[in-house]
Amino acid sequence: MADQTIIHTESLTKIYGMGEIQVKALDGVDLEIRENEFVAVMGPSGSGKSTLMNILGCLDRPTEGRYILAGEDISGLSKSQLARIRNQRIGFVFQSYNLLPNTTALENVMLPMIYNRNNGHQSAVEQKEKALAMLELVNLSDRIHHHPKELSGGQMQRVAIARALINDPVLILADEPTGNLDSKAGQEIMGLMRDLHSRGSTIVMVTHENDIAAHAQRVIHFRDGHIESDQLNGHKTPHPNLAQEANDASQ
Amino acid sequence: MHPSKVIQIAWKGLAKNKLRSLLTMLGVIIGVAAVIIMVSISAGTEKTIEEQITSLGSNLIFISQNFTRMGFGGGPGERGGETGGLVFDDAFAIADQVEGVTGVAVEQQSAETVEFGDVSLDSVEILGTTPDFPAVRDMTIAEGRYFTQQEDDRKQKVAVLGASLAEELFGDATAVGQTVNVGGVKLAVIGVLAERGMVGNVDFDMRLYTPISVVFQKFTPSMFARIMGDRVRMIYAKVDTDQVPMEDIILQIQLLLAKRHDVSLDAADFSITTQQDIISTQESTTAAFRDLLAWVAAVSLVVGGIGIMNIMLVSVTERTREIGLRQAVGATPNDIRWQFLTEALLLSLVGGLIGVLVGVGGAWLFGELGGMRTVVVPTSIVLAFASAAAVGIFFGFYPANKAAQLDPIEALRHE
Ligand SMILES: Nc1ncnc2c1ncn2[C@@H]1O[C@H](COP(=O)(O)OP(=O)(O)O)[C@@H](O)[C@H]1O
Ligand SMILES: [Mg+2]
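Note that the coordinates shown come from a computational prediction; the quantities given were computed from them, not determined experimentally.

A. Here's a closer look at the site of ligand 1. The local shell around ligand 1 consists of A:Tyr16, A:Val23, A:Ala25, A:Pro44, A:Ser45, A:Gly46, A:Ser47, A:Gly48, A:Lys49, A:Ser50, A:Thr51 and B:Arg413. More than one chain reaches ligand 1: the nearby residues come from chains A and B. Residue A:Ser47 places a main-chain N or O atom 3.3 Å away from an oxygen atom belonging to ligand 1. Here B:Arg413 contributes a side-chain N or O atom positioned 3.4 Å from a nitrogen atom of ligand 1. In isolation ligand 1 exposes 560 Å². Once the protein is present, 65% of that is buried.

Here it is, written out as structure tokens:
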């Protein structure tokens with residue numbers, strides 16, 4: 001199972017503005033991410049990182065190309081089916097946290113559960129216990145009844161991470177999760193990410209900062225909507241996947 | 001998503017903006033209350049009319065002056081002919097000559113101060129009638145007797161009292177045999193009528209009944225009556241339609257009066273109305289009234305619905321980010337649609353519920369303080385409540401659909 005492919009894309013393309021002015025935000029992206037990888041995506045502003053994350057997160061659909069998530073072809077799914085995938089397969093962490101205001105940390109964490117059609121076997125008490133466990137995992141057991149406005153940025157982002165984990169997703173996507181945080185809070189979040197990774201999570205994270213990206217195993221650089229480089233961290237060598245593909249191509 | 005969860009979320013959405021929710025409900029509250037109050041008023045009116053009609057006495061024909069046709073050439077005392085209008089003798093002629101008529105009564109009114117001992121009552125209605133009156137108008141004698149034809153002919157100063165009037169003048173003491181002072185004229189009390197109650201806005205029990213000849217002579221009621229002499233405004237004829245059909249009786253009266261007044265039937269100076277005519281007229285009046293009220297109420301419900309739609313649209317715009325987030329964590333378009341539809345439905349149902357309370361309370365208040373007769377009709381409550389729910393679904397659907405169709409990314413980017 002450790003070798004299972006979580007993300008597989010084929011010439012993923014996204015074109016914005018179908019009129020006169022067209023922006024090719026993604027330009028034929030082939031990507032392969034396996035289970036329990038921790039990947040950082042870097043690149044200049046406007047290079048298509050968020051566009052990629054939105055498509056990987058099933059929030060958006062590619063103009064062209066194929067996307068297979070944990071063996072399931074996402075390309076032809078309806079809006080409701082995509083919603084189900086987002087709910088049960090993906091945990092998305094946003095730069096701006098996106099917590100519901102006037103709602104406690106606990107309720108925010110439980111939000112994805114109410115849309116989950118697969119947890120009918122769980123009683124309300126069990127669901128609450130699970131949410132409490134998630135809050136404990138992100139070190140917020142003492143803040144469960146706090147509203148977002150009573151929490152620091154780092155704490156809000158930790159609530160968001162607990163929310164992302166609540167339905168046991170196969171993939172955690174984070175688009176600049178530390179973008180709004182100071183470096184101390186940022187490092188705390190990265191500590192948490194590493195923790196999740198060590199527990200078996202598959203994580204894809206966008207970041208601008210090298211010291212944040214340093215926590216990942218693998219770094220993908222984007223430019224103008226395509227992958228410029230894809231390397232294992234700390235090595236200046238290509239990622240084994242790429243090396244493999246290069247081999248395939250040369251044969 | 002579980003329905004109870006949907007309701008819980010929708011409820012929270014509304015509770016966040018209590019004042020706004022209340023203001024939004026106001027339209028529905030007013031609409032539902034309006035339906036209930038208006039139906040209760042119209043039901044009350046109908047009930048009053050119903051009672052009035054049964055108390056008019058059965059099988060009654062009303063023969064009245066047709067003022068538009070009547071000549072004003074003749075002076076007082078002049079009889080019939082020359083289209084002088086209805087006169088006293090017309091009533092006797094009808095009683096004598098028309099087959100099927102079992103009695104006639106003539107009325108002439110006045111208002112006088114009535115005194116007995118220390119008690120003095122202002123503006124008591126004095127009704128001059130003929131001896132047939134109790135039979136024609138279905139009145140019962142409680143004590144003593146009604147006056148006779150002979151007393152009427154001789155202008156005997158006698159009085160028969162309504163039940164309440166007797167009570168106010170004499171209390172528990174016997175009225176019959178006493179003499180009352182009516183506008184300076186002494187009348188001997190010969191009888192007291194049984195209680196009859198209100199008929200429309202006329203209190204039969206607070207009247208003093210006396211021979212019509214006495215009213216003409218002593219209590220000339222108005223300038224109009226002075227000019228009119230012994231002309232009468234209205235003749236009541238009681239008929240028995242078992243023997244003679246109503247149409248025949250009416251035709252006989254028409255021919256008789258036309259002959260007596262020397263006019264052709266198309267130029268008649270009188271008009272004949274049956275009780276059925278009155279029932280029909282009043283029924284169509286109440287029906288029209290009810291229709292009007294129903295429209296007013298329907299319009300206010302629709303206005304309430306538009307209010308809900310308006311606020312729901314604002315709410316969808318305001319909460320675009322929330323919608324985007326819910327979609328991002330797995331809410332389907334249907335989940336979002338139900339959330340907002342439930343909010344609209346809750347607004348209209350809670351509004352409807354408050355409206356029912358306000359309506360029932362309002363109907364009671366109208367009855368108690370407004371002096372209006374109201375009867376709360378249970379079906380109107382059900383109907384108003386159901387309409388409120390329908391309005392909520394109908395006007396909630398468009399905003400809910402708009403919310404459901406939002407694109408998650410654009411919604412999340414919304415400021
Ligand atoms: N909704 C959109 N409509 C049109 N153009 C867009 C839209 N979203 C992104 N773009 C464009 O696509 C390109 C990639 O954007 P994005 O993926 O947000 O970049 P990044 O996250 O790497 O900064 C940019 O040129 C941006 O202007
Ligand atoms: Mg971005």
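B. Region of the structure containing the confidence of the model for chain B. All names here are of chain B. Taken as a whole, chain B shows an average pLDDT of 84; of its residues, 90% reach a score of 70 or greater. Confidence drops under a pLDDT of 50 for residues 70-83, and excluding neighbours within four residues, the segment shows 25 contacts in the predicted structure. Scored by ipTM, the complex comes to 0.91, with pTM at 0.71.

C. Structural context of the interface of chain A and chain B. On the chain B side, the residues contacting the 23 residues of chain A number 22 residues. Across the interface of chain A and chain B, roughly 2,000 Å² is buried in total on both sides, 60% from carbon and sulfur atoms. When residues of chain A are sorted by the area they lose upon contact with chain B, A:Leu59, A:Ile114 and A:Tyr115 head the list and together hold 30% of the total. Counting the contacts that link chain A with chain B gives two salt bridges. Here B:Asp335 makes a salt bridge to A:Arg117, at a shortest N to O gap of 3.3 Å. For the interface between chain A and chain B, the tally reads seven residue pairs in polar contact (both at pLDDT 80 or more). Among the elements of the structure, helix H2 (79-88) and helix H3 (105-114) of chain A are those that each provide at least two residues to the side of chain A that touches chain B. Ranked by residue count, the leading element in the side of chain A that touches chain B is H2(A), at five residues.

D. Representation of the sheet that holds strand E3 (residues 38-42) of chain A within the structure. Residues and elements named next belong to chain A. A sheet is described by the order of its strands in space; here six strands give the open sequence E6-E7-E8-E3-E9-E10, paired in mixed fashion. Whereas interior strands pair on both sides, the edge strands pair on one side only; in this sheet they are strand E6 (90-93) and strand E10 (226-232). Pairwise comparison of adjacent strand axes, ignoring direction, gives a mean angle of 15 degrees for this sheet. Across the sheet, helix H5 (residues 153-165) is in contact with E6 and strand E7 (171-175); its angle to E6 comes to roughly 170 degrees.

E. Seen up close, empty space enclosed by the protein. Residue and element names in this part refer to chain A. Within this structure, the stated rule accounts for five cavities of 30 Å³ or more. Size it by volume and the largest cavity reaches roughly 90 Å³. Every element with two or more residues in the lining of the largest cavity is listed here: H2, E6 and H5. Broken down by element, the residue count for the lining of the largest cavity peaks at three residues, all from E6. Across the lining of the largest cavity, the residue classes break down as eight nonpolar, three polar and two charged.

F. Structural view of the side chain of A:His197. Here A:His197 lies in helix H6 (residues 183-198). The contacts of A:His197, once residues within four sequence positions are left out, are A:Asn36, A:Glu37, A:Phe38, A:Ile203 and A:Gln217.

G. Fine view of the side chain of B:Ser21. Looking at the element boundaries, B:Ser21 is found in helix H2 (residues 18-55). Residue contacts for B:Ser21: discarding those within four places in its chain leaves B:Leu14 and B:Leu347.

H. Representation of the packing of helix H11 (residues 320-328) of chain B against helix H12 (residues 333-368) of chain B in the model. Residues and elements named next belong to chain B. At a minimum axis distance of 10 Å, the contact between H11 and H12 shows a crossing angle of 140 degrees. Comparing the axis directions of H11 and H12 gives the class oblique. In terms of crossing hand, the pair formed by H11 and H12 is right-handed. Counted together, Glu322, Ile323, Arg326 and Gln327 of H11 and Ile336, Gln339 and Phe340 of H12 form the full contact between these two elements.

Calculation rules
Residues numbered from 1 in each chain as written. Chains lettered and ligands numbered in written order. Predicted model: local features only at pLDDT ≥ 70, side-chain atom pairs only at ≥ 80, totals over all residues. Heavy atoms only, no water. Near = heavy atom within 4 Å. Polar contact = N/O pair within 3.5 Å; in protein donor to acceptor, adjacent residues only side chain to side chain. Areas by Shrake-Rupley, 256 points an atom, 1.4 Å probe, with all protein chains shown as cover. pLDDT = per-residue confidence, 0-100. Contact = heavy atoms within 4.5 Å. Buried area = accessible area lost by both parts, 1.4 Å probe. Salt bridge = Lys/Arg side-chain N within 4 Å of Asp/Glu carboxyl O. Helix = DSSP H or I, 4+ residues; strand = E, 2+ residues; numbered from the N terminus. Pairing = 2+ DSSP bridges. Axes fitted to C-alpha atoms, helices over the stretch in contact; angles between N-to-C directions. 1 Å grid on protein atoms, 1.4 Å probe; cavity = no way out; pocket = protein on both sides within 12 Å on 5 of 7 lines; lining within 4 Å. Points joined across faces, edges and corners; volume = space filled by probe spheres on them. Nonpolar A, V, L, I, M, F, W, Y, C, P; charged D, E, K, R; others polar. Parallel < 35°, antiparallel > 145°, perpendicular 65-115°, else oblique. Left-handed = near helix turned anticlockwise from the far one by under 90°.

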